Amino acid sequence: MTRITKRIFEWSILTIACLLCYLLFSCKNRWNLQDPKPKERVQQKVRELAIQEKLEVYEALKSMKARADIVSDLCQTDIKYQTDSGICWGSSRSRTLLSTKDKSLMYTPIPKCGWTTWMVVFFDHYKVYHDGNTGWAWNAPYDKINFKITSLECSKEFLDYEYRLLFVRNPYERLVSGYKNKVLEKNGLYIKTYNKPCPWLTLDPKYNQTSLTFSQFVSCILETARGQSADLSSRKAGILLDHHWAPQVHLSLPCTAMYTHIGTYDHFADDANEMIRIHKFNATLKRINQTPKSLSRSLESWYKQLSVEQLVGLQQLYKYDFELFGYDPSPPL
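Fair warning: this is a prediction, and the values are worked out from it, not measured in the lab.

Student: Account for the nonpolar core, with residues named and values stated.
Tutor: Leu175, Phe214, Phe217, Trp245 and Tyr303 are the most contacted members of the largest nonpolar core, which has 59 residues in total. With 7 residues, helix 7 (residues 214–226) is the largest single contributor of residues to this core. With residues up to four places along the chain from it excluded, the contact list for phenylalanine 217 reads Leu175, Tyr179, Val183, Pro197, Leu212 and Trp245. Ranked by size, the runner-up nonpolar core spans 27 residues in total, among them Met64, Phe122, Ile145 and Phe147.

Take a look at the structure:
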């Protein structure tokens, strides 16, 4: 080996070594796989938020920002929360609403987390009459109130918005709410019309079906999810479930949207009114689509009807909802 060739070889080895060091540092910096400090920081923020929410004077804006910060930190410290497939589907299940008047507000609706209530606020503010006959949920005429529907997977336009808002709810409470609303009310019209969550449900009167029990309801949800993937916590298992009980993390993609404010159903009135104040909505908060008092029962009474296998299945299905949004995964027994 000549002197020049030897020198070139040595420089090549040095360059490769430097490149490997850079890549290792970048991976560590991005995912913090070996650095415990980010996890400690998240834990500290969680403790501070818990204290804040127990104060006699609840500070909505501060708490919403704190929740969003915690979720953002978790997204950056663990790759498992990156559930966005990166594929732009023609009909995305993960959608959001963007204000077209200016880039001030992005709101990602989650069923059973106050979506209908927010719709009434928007339509009241713009003085547009809407009684639901022209369509609720994603079928509502949002263009009449200066909003447009955008896929969270196909566009990153929402990252330019100052306020990126999300409301979440305890998965156990949300599931029971979905059961009461879509199974027990109107004699199960919704689940029979759409054959969800049980494919054998039908409107045909000759079958003379009775309403699903809560246990049957949960079994059908878990069976449907397992039909997509054995890993119930995966996006593949949960994303095709009806959006009234699909995991919130798959519908909202928090690690993609990087929300600036996250409200909770527990503090819905305080959090929502704070957003109404900030955005100067000329509307009064009205709780819509609430469960009739005749169907009110303790959360514990519902989950006592389930088997251990079903409870474990729900913990797996809503695993990332519990972890990212700070809810206790222990069944309410």
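Student: Pulling in residues and values, what's your account of unusual backbone geometry?
Tutor: That bond from lysine 196 to proline 197 is cis: its omega, 0°, falls within 30 degrees of zero. In this structure, proline 197 sits in the loop between helix 6 (189–194) and helix 7. The backbone of lysine 127 shows a phi angle near 55°, a positive value even though the residue is not glycine. Positioned with a positive phi, methionine 258 is a non-glycine residue whose angle comes to about 50°. For methionine 258, the position within the fold is in the loop between helix 10 (254–257) and strand 5 (261–264).

Student: Describe the packing of helix 4 (residues 115–125) against helix 11 (residues 268–278), listing the residues and the values that go with them.
Tutor: The N-to-C vectors of helix 4 and helix 11 enclose an angle of 25°; their axes lie 12 Å apart at closest approach. Viewed along their axes, helix 4 and helix 11 adopt a mutual orientation that is roughly parallel. Of the two possible hands of crossing, helix 4 and helix 11 adopt the one that is right-handed. In this structure, helix 4 contributes Thr117, Trp118 and Val121 to the contact, and helix 11 contributes Phe268, Ala272, Met275 and Ile276. Here the residues of the contact of helix 4 with helix 11 sort into 6 nonpolar, 1 polar and no charged.

Student: Could you give me a rundown of the sheet that holds strand 1 (residues 95–99), with the residues and numbers involved?
Tutor: One open sheet accounts for 5 strands, arranged 3-1-2-4-5; its pairing is mixed. Strands at the two margins of the open sheet, each flanked by one partner only, are strand 3 (147–151) and strand 5. Across the sheet, the mean angle separating the axes of adjacent strands is 25° when strand polarity is ignored. Its contacts with the sheet put helix 4 on strand 2 (105–108), strand 3 and strand 4 (163–168), and the angle it makes with strand 2 is roughly 150°.

Student: Break down the packing of helix 7 against helix 13 (residues 308–317) for me, with residues and values.
Tutor: Here helix 7 crosses helix 13 at 50°, and the two axes come no closer than 10 Å. As the angle between them shows, helix 7 and helix 13 are arranged oblique. As helix 7 packs across helix 13, the resulting crossing turns out to be left-handed. Contacts between helix 7 and helix 13 involve Ser215, Val218, Ser219, Ile221, Leu222, Ala225 and Arg226 from the former and Gln310, Gly313, Leu314 and Leu317 from the latter. Considered class by class, the residues forming the contact of helix 7 with helix 13 number 6 nonpolar, 4 polar and 1 charged.

Student: Any chance you could break down the state of the cysteines for me, citing the residues and the numbers?
Tutor: In total, this model carries 2 disulfides according to the counting rule given. Cysteine 75 shares a disulfide with cysteine 255; S-S distance 2.0 Å. An S-S torsion of about -80° defines the bridge between cysteine 75 and cysteine 255 as left-handed. Highlighted residues: cysteine 75 in helix 3 (residues 60–77) and cysteine 255 in helix 10, separated in sequence by 180 residues. The pair cysteine 75 / cysteine 255 is uniform in exposure class, with both members buried.

About the thresholds
Residues numbered from 1 in each chain as written. Predicted model: local features only at pLDDT ≥ 70, side-chain atom pairs only at ≥ 80, totals over all residues. Heavy atoms only, no water. Core = buried A, V, L, I, M, F, W, Y, C linked by side-chain atoms within 4.5 Å. Buried < 20%, exposed > 50% of the residue type's maximum accessible area, 1.4 Å probe, protein only. Helix = DSSP H or I, 4+ residues; strand = E, 2+ residues; numbered from the N terminus. Contact = heavy atoms within 4.5 Å. Axes fitted to C-alpha atoms, helices over the stretch in contact; angles between N-to-C directions. Parallel < 35°, antiparallel > 145°, perpendicular 65-115°, else oblique. Left-handed = near helix turned anticlockwise from the far one by under 90°. Nonpolar A, V, L, I, M, F, W, Y, C, P; charged D, E, K, R; others polar. Pairing = 2+ DSSP bridges. Disulfide = S-S within 2.5 Å.

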